[in-house]
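Each chain, written out:
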Amino acid sequence: MNILTTRLLLRPLAMSDAPDIQRLAGDRDVASTTRDIEHPYEDGMAEKWIKSCQEQSQSGELVHFALTLAEAARFLGAITVRMDFRPSALVSSSKKAELSYWVGKPYWNQGYATEAVKPVLHHCFTILELDRVYAAHFTRNPSSGRVMLKAGMLYEGSQLGPTVKWGIVENLELYGVTRSQFELRGSTGSP
Ligand SMILES: CC(C)(COP(=O)(O)OP(=O)(O)OC[C@H]1O[C@@H](n2cnc3c(N)ncnc32)[C@H](O)[C@@H]1OP(=O)(O)O)[C@@H](O)C(=O)NCCC(=O)NCCS
């Protein structure tokens, strides 16, 4: 499914995105604050990642979007929503998912991540009918926290470790939003 915003077209990742993904995700500064992007980003890794996104999308585990500039059809980054099928401690029937995203460094601080995350959250609650969406960023990556707040998520606290990136223990900042919270806050865009 495609989502159109003021400046962006969010569409499923395609194999033809591989060169852009290798170039942009291959930047050490992009990889450094993500849990999963490796560095160096070698030939074939983008194709493998796209294929795995497409397969997991077919099995209902993942929803993926390429962030592209609508006018220029330029690839900027990616967003994924990973379904979390673990039973919730409080509500066993609750449908939840984890949000992740990255934007290529030449496009940082122009509001693109926020412009994309907001409608993806809306998609999560309306089309995917999720009850809750959550995300986390490394403490040393506050710009991602700004994106989450601006997109309508709520800060839920810190977690010390146990995530390890490149041999270093990373502390996490946790965010989440339920459907009813998003309906109240997300639609107004208030952080
Ligand atoms: C995090 C990331 C997605 C942000 O994308 P983006 O398109 O630049 O985000 P936006 O422009 O929508 O918003 C960035 C916000 O962070 C703020 N920001 C930038 N650097 C900051 C810093 N060092 N400290 C605090 N805020 C900062 C910007 O000012 C902006 O907030 P504002 O609109 O209130 O001024 C992008 O930097 C990225 O892809 N990083 C590498 C991968 C990554 O970290 N992904 C997220 C993993 S959780």
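Here's a quick rundown of the structure. Note that this is a predicted model, so its numbers are computed, not measured. (Residues numbered from 1 in each chain as written. Predicted model: local features only at pLDDT ≥ 70, side-chain atom pairs only at ≥ 80, totals over all residues. Heavy atoms only, no water.)

**Quick look at the pairing of strand β2 (residues 8-11)**
What counts is decided by this rule: Strands are treated as partners if at least two bridges between them are detected by DSSP. The way it works is that DSSP assigns letters per residue, a run of H or I at least four long becomes a helix, a run of E at least two long becomes a strand, and they are numbered from the N terminus.
Inspection of the sheet shows strand β1 (residues 3-4) paired to β2 by two bridges, in the antiparallel sense. Residue Ile 3 lies in a different strand from β2, and its bridge partner there is Leu 10. Hairpin connection of β1 to β2: three residues between the antiparallel strands. Note that β2 and strand β3 (residues 62-69) share four bridges and pair antiparallel.

**Focus on the environment of Leu 24**
How we decide: For this analysis, residues touch if any pair of their heavy atoms sits within 4.5 Å.
With respect to the secondary-structure elements, Leu 24 resides in helix α1 (residues 18-25). Among all residues touching Leu 24, those that are not within four sequence positions of it are Val 30, Phe 75, Leu 76, Trp 102, Gly 104, Pro 106 and Tyr 107.

**Brief notes about the pairing of β3**
Quick reminder of the rule: A simple rule labels every residue: compare its accessible area, found with a 1.4 Å probe on the protein chains alone, to the largest value its type can have, and call it buried under 20%, exposed over 50%, or partly exposed in between.
In terms of residue burial, β3 counts as a mostly covered element, since eight of its eight residues are buried. Taken together, the eight bridges between β3 and strand β4 (residues 74-84) define a ladder with antiparallel strand orientation. Each residue of the ladder has a partner; that of Leu 69, found in β4, is Arg 74. Linking two consecutive strands that pair antiparallel, namely β3 and β4, is a turn of four residues; a positive phi of about 55 degrees is found at Ala 73 within it.

**Some details on unusual backbone geometry**
Omega for the peptide link from His 39 to Pro 40 comes to 0 degrees, which places this bond in the cis form. Considering the arrangement of structural elements, one finds Pro 40 in the loop between α2 (28-31) and α3 (45-58). The backbone of Asn 109 sits at a positive phi, close to 60 degrees, despite the residue not being glycine. Within the element layout of this structure, Asn 109 appears in the loop between β5 (96-103) and α4 (112-126). Among the residues examined, Asn 109 registers a relative accessible area of 75% and is labelled exposed. Of note in the backbone geometry, Glu 129 takes a positive phi value of approximately 55 degrees without being a glycine. The topology assignment puts Glu 129 in the loop between α4 and β6 (132-138).

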